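# Summary of structural features
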Amino acid sequence: MSAREQILARIRSAQVPAPATGIRRDYSHVREHDDRLALFVARVQDYKATVIRTPPDGVAAAVAKCLVDARQVVIPPGFDPSWVPEGLDIVGDQPPLSASELDGVDAVLTCAMVGIAETGTIVLDHTAGMGRRTLTLVPDMHVCVLTADQVVGDVPEAVARLSASVKSGRPLTWISGGSATVDIELSRVEGVHGPRTLRVVLVEPSTT
Amino acid sequence: MIATRTFVGMPPFPVGAKKALADSQLRANIAGATQTIRAKRARVVAELDDFEQLRAAAADIKDEVLGGFVGYLQQAEASLTAAGATVHWARDAAEANQIVVGIARGHKVDEVVKVKSMATQEIELNVALEAAGIAAWETDLAELIVQLGDDLPSHILVPAIHRNRSEVREIFLREMGKVGMAADGDLSDEPAELAGAARRHLREKFLRAKVAISGANFLVAETGTLVVVESEGNGRMCLTLPEVLISVVGIEKIVPTWADLEVFMQLLPRSATGERMNPYTSTWTGVTPGDGPQEVHVVLIDNGRTKVLADPVGRQALRCIRCSACMNVCPVYERTGGHAYGSVYPGPIGAILTPMLRGVGVDAQTDSLPFASSLCGACYEVCPVLINIPEVLIHLREQVVDSHRGGVPGALQAAMTGASWTFGGGRRLAALQTLAGLSSAVIGRRGLIGRLPAPLSRWTDARDLPAPPRESFRKWWTRTDGGLKETGLPAERHHPGRGPK
């Protein structure tokens, strides 16, 4: 008998009854916040990441401010060119950069798919403007542009929005602050293997 | 290469506990760390008004999987295969190790990088890889500390919780240079600097690795999606840079649908590190063309899980999402640390999971684990998937006792018989208490009884007893007429009632 058949046979012989009642799902599916964007900003800042709020015509300037201490920046294909400030030393990812080449780049500039206010999380599904997964991992600084309509209240709304990406086989990266560890005396220390600096640009509709 | 230590041949819990309790540095490290994390957890849990509903949903989702296990496993296998992954099945640790070593050998590598994984700890994969001449580099900071320190993990989430910063510094200075990039000689014991040393040490290993090995926190049956929840980014490095990825996944890691993660992604980070969200979570579905490993293997392991499943009381332990909240609140774990449990799964969950995975009645070490608890129930109160650990502990104690029946009654049974005789009559109890009060010869200087002669030594070998008072309550009641004749106290504060018969 193959391992597969034997494991399945062991499970059948355990005769586990199906639960009598269905799955209780009376938790909040939508979390209402008085000011969703303000909460998102505060929660991202809790992770010691920087957030700049800007109207649509100020994105390039905000990005420039974030990248002020970076010499060379990798920008993945599909990133909105109107968000890219003048005068950057830009590296493309076509053909794909090797891991060592990426290690020599100072920063990466991407957009994102979803932001989560309650947890201060940004999620990338690595489609246009977000690049391969290693692009946002190896460089030491990640600058991420997110629009206000991408920010949801909490995890269930994010999981729903990400469903189509997952079902079409896209990988996801959920990012909550910079790389960190609690492995020494359980105190949170920023900066291990991922980017040590995370800067988020939040694009809000103009009030006029 | 580093020779990995294992838990084989560890002593029973009381022996390990006694050793741990005598180590004041260890006790200070563990107490400090668990207090920190308990406070953090309580704060972020209190922020959600539906945390209890989330726990109930999580328990139900996991029970749903166990109730339809065969179907969900077949669905997961089909989804993974359709997404370009190769699925392997392993009945036990040896079979799982053989599969992983075989894949690594097929790629002619002499090293692999590893993401922290309880499943690979459980099957002692590193030992098997070393035997095959393949170095397994642990890349999680705590796992690195354990590996470099020739040590054993003592916590499922923070395996080096028993080490403080100055011990970590010493290990890094002494060992890093032997297996790769050395730490700077002027390294301080600041956690940020220590993390920086690990970053530099491991980066060259990440950049050159061809094969990575991971576990998974969840496997979504509907889509074949694997999920790794982490903090440092070492997971992301291993999951995206190498050409080949092998994930070793316990069959109970399944959740039915993608949407079910909305529950677990709220519960796990809060229960584990006390954060609203962990820094990084990676999800991937088989092979992604042009992004990450182009050869993806998933090894589904049983290794005792179907034995747990066959136990109607114990099977709830298969809901476990390895968050470690139970050990962080456990008064026993807080005092002994993880090594005393002699198992990769320490603390309350380990005290039930290890005996069920290994089977009771086989060795004294395993049989000691269900007794490594005061049954206070704190673990059940925090468990995000509502595992009633005290219930399973009592159930397993029965099994251990039953497995030792059939010969001369053990000391435990003799003591219980004695207790029922004593408590059965008030005068017998009074007489015995008088006797205990007079036995000052056995009472130590701190007012503790350290050791009693056999068969009572079975009890005192594991515990120090507070010494009985010189006068029992019953004698005090009789002498003072229920406190009325106590000198120096106003009589009106006392309410004479019926004395003991």
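Before reading further, recall that the structure is shown in the block above.
Residues numbered from 1 in each chain as written. Chains lettered and ligands numbered in written order. Predicted model: local features only at pLDDT ≥ 70, side-chain atom pairs only at ≥ 80, totals over all residues. Heavy atoms only, no water.

## So, the overall build of chain A
In terms of helices and strands, chain A carries five helices and twelve strands. Across its three principal directions, the C-alpha atoms of chain A cover 70 × 45 × 40 Å. The buried share among the 208 residues of chain A stands at 58%. Counting contacts in chain A only where the partners sit at least 6 residues apart, residues at least 24 apart contribute 72% of the total. Accessible area for chain A stands at about 8,500 Å²; split by element, carbon and sulfur atoms hold 51% of it. With 20 positive and 25 negative side-chain charges, chain A shows a separation of 9 Å between the mean positions of the two kinds. (Helix = DSSP H or I, 4+ residues; strand = E, 2+ residues; numbered from the N terminus. Buried < 20%, exposed > 50% of the residue type's maximum accessible area, 1.4 Å probe, protein only. Contact = heavy atoms within 4.5 Å. Areas by Shrake-Rupley, 256 points an atom, 1.4 Å probe, with all protein chains shown as cover. Lys, Arg positive; Asp, Glu negative; His and termini not counted. Charge placed at Lys NZ, Arg CZ, Asp CG, Glu CD.)

## With respect to the pattern of salt bridges
A side chain with one charge may pair with a side chain of the opposite charge, provided their charged atoms come close. One pass over the full model with this rule turns up 38 salt bridges over all chains. Note that D302(B) and R10(A) form a salt bridge whose closest N and O atoms lie 2.7 Å from each other. With D302(B) in the loop between β10 (295-301) and α13 (305-309) and R10(A) in helix α1 (residues 3-14), this residue pair bridges two chains. Given a relative accessible area of 0%, D302(B) falls into the buried group. The salt bridge partner of D151(B) is R163(B), with a shortest N-O separation of 3.0 Å. Linking D151(B) in the loop between α8 (141-148) and α9 (165-179) with R163(B) in the loop between α8 and α9, this pair joins segments that are twelve residues apart in sequence. Overall, D151(B) belongs to the buried group, its relative accessible area being 12%. Salt bridges sharing common partners tie together R31(A), D154(A), D49(B) and D50(B). (Salt bridge = Lys/Arg side-chain N within 4 Å of Asp/Glu carboxyl O.)

## So, the sheet that holds strand β5 (residues 114-116) of chain A
Sheet architecture is open: eight strands sit in the order β8(A)-β5(A)-β6(A)-β9(A)-β9(B)-β6(B)-β5(B)-β8(B), paired in mixed fashion. Because the sheet does not close on itself, it has two edges, and the strands there are β8 (151-152) of chain A together with β8 (254-255) of chain B. Summarising the sheet, β5(A) and strand β6 (residues 121-124) of chain A pair through three bridges and their orientation is antiparallel. The partner of V114(A) across the bridge, within β6(A), is V123(A). (Pairing = 2+ DSSP bridges.)

## Focus: the environment of T173(A)
Residues and elements named next belong to chain A. Of note, T173 is situated in strand β9 (residues 172-175). By relative accessible area, T173 is classed as buried at 1%. As for T173 and E32, which are separated by 141 residues in sequence, their C-alpha atoms are 25 Å apart. Separated by 2.6 Å, the side chains of T173 and H126 make a polar contact. (Polar contact = N/O pair within 3.5 Å; in protein donor to acceptor, adjacent residues only side chain to side chain.)

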